Amino acid sequence: MNQFTATYTDQYQLSMAQVYFKNGQKDQQAVFDYYFRKLPFKSGYAIFSGLEDLLEILSTLRFSEDDLQFLKEQGFEKDFLEYLKNLQFKGKIYSVKEGDIVFPTRPILQVEASIIEAQIIETILLNLLNFQTLIATKASRMRLVAGDATLLDFGLRRAQASGGYFATRAAIIGGFNGTSNVVAGKDFDIPVSGTMAHSFVQSYDDELTAFRDFAEGHPENCVLLVDTYNTLKSGIPNAVKVAKEMEGRGQKLMAVRLDSGDLSYFAKESRKMLDAAELDYVKIAASNQLDEHVIKSLLEQQAPIDIFGVGTNLVTGDPDGALDGVYKLAFSAGKPRIKISESIIKITLPHKKQVFRIKDENGKCIGADAIGLYHENSIEEMHHPFEPYKSMSLKHYEQEALLELVMDEGKVLQKKRSLSEISEYSISRLSELPIEYKRFNNPHIYKIGISETLKQERDGLIKMQKNKI
Ligand SMILES: Nc1ncnc2c1ncn2[C@@H]1O[C@H](COP(=O)(O)OP(=O)(O)OP(=O)(O)O)[C@@H](O)[C@H]1O
Ligand SMILES: O=P(O)(O)OC[C@H]1O[C@H](OP(=O)(O)OP(=O)(O)O)[C@H](O)[C@@H]1O
Ligand SMILES: O=C(O)c1cccnc1
């Protein structure tokens, strides 16, 4: 999987790094926060995904000989290139657990490293975490509405080039059951499955022979695509014949797949025809431009669909396309740092921090996370980040610290979890979130607050910067 070297970065990271190097600042320690500002899909939550890939890549990230030659041709200086030759990420990473539910404007992950190392990894970190978090969130929304139905990822062919690879992984974290993507299945140990294409049916002179040959070739998990010519007049009657022939051989047809037309109508009619032939065990799969809204609508119409195959809208994160996750400097050279912006929501939070999930006495999430300085063990009073008179006492609540050290001196500290473990964790964390945050229309807004000490630090820095201007 690891096709990345340290040039998987933006040029400005290297331009800045060369200046730090030449000015003797290369060992200056820095803290950067990773967070996003806007939830995708008008969702009330997001699912954090991509952490284990990031840690694995960082633990072996180097500049290759080829990279250094290229950078030389780009005009980088000899002594800086010599330094890059031995550069490895030796920093610390604090992170929320992969699969957890996460919310805008509060740190999900913090990097503490030399300014050069921290800067060079920014691009790959954002590339991996933004994309997977987007897709895991999309997948999770489909899982929420699909109930017990099986969700399969069919997206590799529609993905933005190599995005399909990580999209599959993220889909599983968000609650999908399997994929048609063979390489992702192999690399990430994901159940791989699939049906047949229209071309297979078209390549025969008649549909029945195509179905027969396929069923003989693949008696286990056989799924027949029934809409190439006419679903109810040809596809289903031929599938029934083949299913009966399979029964004669002691085999069972697993499912039929619908891929066009009114999926509710065709699923209901197909179910009736299969049941009338005593094939109630044959499942119905559906595909064709599905997303969480279509799946929800189909199930509200009581369409008897057992398996949903989802491609385009899953792997492209339609309609949002990207998560706006950012990486902002919070501390460097022994001082807290802030970025002030015209837009109040874009003002950053200084210092190394900790984030607490606020829970009631029964351990139930109340819909709030509070951000404090790293050394604060808990937060007494949470302030609205920007509205001065809004605050809430947290004295009687439980507080769960969310950021934990997952990488130290460039080494991964946690044992690798399987994707199914991460997915189960994600589903259990989502189940702790009250239902109001999970509805599709105008979900309740999760509260993010800051501690009194962090507020004072931030406001002091804003004042200081304003006085300088
Ligand atoms: N019963 C339904 N309720 C809600 N959405 C549906 C239903 N049936 C299909 N859809 C969705 O409607 C969209 C368009 O389906 P439509 O029937 O127009 O196209 P199509 O069948 O793919 O056309 P074609 O026959 O040319 O392939 C798809 O996203 C599909 O998943
Ligand atoms: O609609 P999506 O959510 O993107 O799901 C993937 C689509 O890819 C396949 O179609 P395609 O026409 O590429 O091949 P086929 O001949 O196998 O149907 C499949 O039949 C789905 O319709
Ligand atoms: O296995 C399938 O049915 C499949 C795989 C990829 C894309 N569409 C369908």
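Bear in mind the structure is a predicted one, so any value in this text is a computation, not a measurement. (Residues numbered from 1 in each chain as written. Chains lettered and ligands numbered in written order. Predicted model: local features only at pLDDT ≥ 70, side-chain atom pairs only at ≥ 80, totals over all residues. Heavy atoms only, no water.)

## Quick notes on the sheet that holds strand 20 (residues 411-412)
So, step 1. In space, the 7 strands of this open sheet follow the order 13-12-1-5-3-19-20, with antiparallel pairing throughout. Among the strands making up the open sheet, the edge pair consists of strand 13 (335-336) and strand 20.
So, step 2. Strand direction decides the pairing type here: strand 3 (residues 92-95) and strand 5 (residues 109-114), joined by 4 bridges, are antiparallel. Counterpart to Tyr 94 in the pairing with strand 5 is Gln 110. (Pairing = 2+ DSSP bridges. Helix = DSSP H or I, 4+ residues; strand = E, 2+ residues; numbered from the N terminus.)

## Some details on the packing of aromatic side chains
So, step 1. A complete count under the given rule lists 15 aromatic pairs for this structure.
So, step 2. Ring centres of Phe 21 and Phe 80 lie 5.8 Å apart, and the angle between their planes is 55°; this geometry places the pair in the tilted category. Here Phe 21 is found in helix 1 (residues 11-22), whereas its partner Phe 80 is found in helix 4 (residues 78-85), with 59 residues between them in sequence. Both residues of the pair, Phe 21 and Phe 80, count as buried. (Phe/Tyr/Trp six-rings, centres within 6.5 Å; stacked < 30°, edge-to-face > 60°. Buried < 20%, exposed > 50% of the residue type's maximum accessible area, 1.4 Å probe, protein only.)

## Brief notes about the environment of Gly 147
So, step 1. Checked against the element boundaries, Gly 147 lands in the loop between helix 6 (122-146) and strand 6 (150-153).
So, step 2. Sequence-wise, Gly 147 and Leu 299 are 152 residues apart; in three dimensions their C-alpha atoms are separated by 9.1 Å.

## Section: helix 4
So, step 1. Buried within helix 4 are the following residues: Phe 80, Leu 81, Tyr 83 and Leu 84. Viewed end-on, helix 4 has its buried residues packed into an arc of 155°, placing them on one side of the element.
So, step 2. As for helix 4, its buried residues are in contact with helix 1, helix 3 (65-73) and helix 5 (115-120). (Arc of directions from axis to C-beta. Contact = heavy atoms within 4.5 Å.)

## Topic: the site of ligand 3
So, step 1. All residues adjacent to ligand 3 are Phe 154, Arg 157, Ser 180, Gly 194, Thr 195 and Arg 257.
So, step 2. Between ligand 3 and Thr 195 there is a distance of 2.4 Å, counted from an oxygen atom to a side-chain nitrogen or oxygen.
So, step 3. The separation between an oxygen atom of ligand 3 and a polar side-chain atom of Arg 257 is 3.4 Å.
So, step 4. Calculation on ligand 3 without its partners gives an accessible area of 260 Å², and the protein chains cover 82% of this total.
So, step 5. The class makeup of the residues in the shell around ligand 3 is 1 nonpolar, 3 polar and 2 charged. (Near = heavy atom within 4 Å. Polar contact = N/O pair within 3.5 Å; in protein donor to acceptor, adjacent residues only side chain to side chain. Areas by Shrake-Rupley, 256 points an atom, 1.4 Å probe, with all protein chains shown as cover. Nonpolar A, V, L, I, M, F, W, Y, C, P; charged D, E, K, R; others polar.)

## Some points on the packing of helix 11 (residues 231-248) against helix 12 (residues 263-276)
So, step 1. Contact geometry of helix 11 with helix 12 gives a least axis separation of 10 Å together with a crossing angle of 40°. Between helix 11 and helix 12, the angle is such that the two are oblique. Here the hand of the crossing between helix 11 and helix 12 comes out right-handed. Contacts from Thr 231, Leu 232, Ile 236, Pro 237 and Val 240 in helix 11 reach Tyr 265, Phe 266, Glu 269, Ser 270, Met 273 and Leu 274 in helix 12. (Axes fitted to C-alpha atoms, helices over the stretch in contact; angles between N-to-C directions. Parallel < 35°, antiparallel > 145°, perpendicular 65-115°, else oblique. Left-handed = near helix turned anticlockwise from the far one by under 90°.)

## Some thoughts on the sheet that holds strand 6
So, step 1. Spatial strand order, 7-6-11-10-9-8: 6 strands in an open sheet with parallel pairing. This sheet does not close on itself; its edge strands, each paired only once, are strand 7 (178-179) and strand 8 (223-225).
So, step 2. In this structure, strand 9 (residues 255-258) lies alongside strand 10 (residues 283-287), joined through 4 bridges in parallel fashion. In the strand pairing of strand 10, Leu 258 is matched with Ala 286.

## A short note on the nonpolar core
So, step 1. Counting 132 residues, the largest nonpolar core has Leu 84, Leu 109, Val 111 and Leu 125 as the members making the most contacts within it.
So, step 2. For this core, the element with the most residues is helix 6, which contributes 12 residues.
So, step 3. In this structure Val 111 touches Ala 30, Val 31, Phe 32, Phe 89, Lys 92, Ile 93, Ala 118, Ile 121, Leu 125 and Tyr 327, once residues within four positions along its chain are discounted.
So, step 4. Grouped together as the second largest cluster of nonpolar side chains are 7 residues, Phe 356, Ile 358, Ala 368 and Ile 379 included. (Core = buried A, V, L, I, M, F, W, Y, C linked by side-chain atoms within 4.5 Å.)

## As for the environment of Glu 361
So, step 1. Its location among the elements puts Glu 361 in the loop between strand 14 (353-359) and strand 15 (365-373).
So, step 2. Residue class for Glu 361 comes out exposed when judged on its relative accessible area of 61%.
So, step 3. Considering only alpha carbons, one finds Glu 361 and Leu 208, 153 residues apart in sequence, at a separation of 62 Å.

## Brief notes about the confidence of the model for the protein chain
So, step 1. Per-residue pLDDT for the protein chain has a mean of 96; in total, 100% of the residues score no lower than 70.
So, step 2. The ipTM for the predicted assembly is 0.96, set against a pTM of 0.97. (pLDDT = per-residue confidence, 0-100.)

## Section: the site of ligand 2
So, step 1. Neighbouring residues of ligand 2: Arg 157, Arg 158, Ala 197, His 198, Arg 257, Asp 259, Asn 288, Gln 289, Leu 290, Val 310, Gly 311 and Thr 312.
So, step 2. One of the side-chain nitrogen or oxygen atoms of Arg 157 is found 2.8 Å away from an oxygen atom of ligand 2.
So, step 3. The side chain of His 198 places a nitrogen or oxygen atom 2.8 Å from an oxygen atom of ligand 2.
So, step 4. Within the complex, 81% of the 480 Å² of free accessible area of ligand 2 lies under protein.

## Some thoughts on the pairing of strand 15
For a regular strand, side chains alternate in direction, first toward one face of the sheet and then toward the other.
So, step 1. Summarising burial for strand 15: 8 of the 9 residues are buried, a large majority.
So, step 2. Inspection of the sheet shows strand 14 paired to strand 15 by 6 bridges, in the antiparallel sense. Bridging across to strand 15, Phe 356 finds its partner in Ala 370.
So, step 3. Here strand 14 folds back onto strand 15, and the loop between the two strands holds 5 residues, one of which, Gly 363, carries a positive phi near 80°.

## Quick notes on the packing of helix 6 against helix 7 (residues 163-173)
For any two helices packed against each other, the geometry comes down to the angle between their axes and how far apart the axes lie.
So, step 1. The N-to-C vectors of helix 6 and helix 7 enclose an angle of 50°; their axes lie 8 Å apart at closest approach. Accordingly, the angle class assigned to the pair helix 6 and helix 7 is oblique. Crossing handedness for the pair helix 6 and helix 7: right-handed. Residues Leu 128, Phe 131, Gln 132, Ile 135, Ala 136 and Ala 139 of helix 6 form the contact with helix 7, whose own contacting residues are Gly 163, Phe 166, Ala 167, Arg 169, Ala 170, Ala 171 and Ile 173.
So, step 2. Per-class residue counts for the contact of helix 6 with helix 7 are 10 nonpolar, 2 polar and 1 charged.

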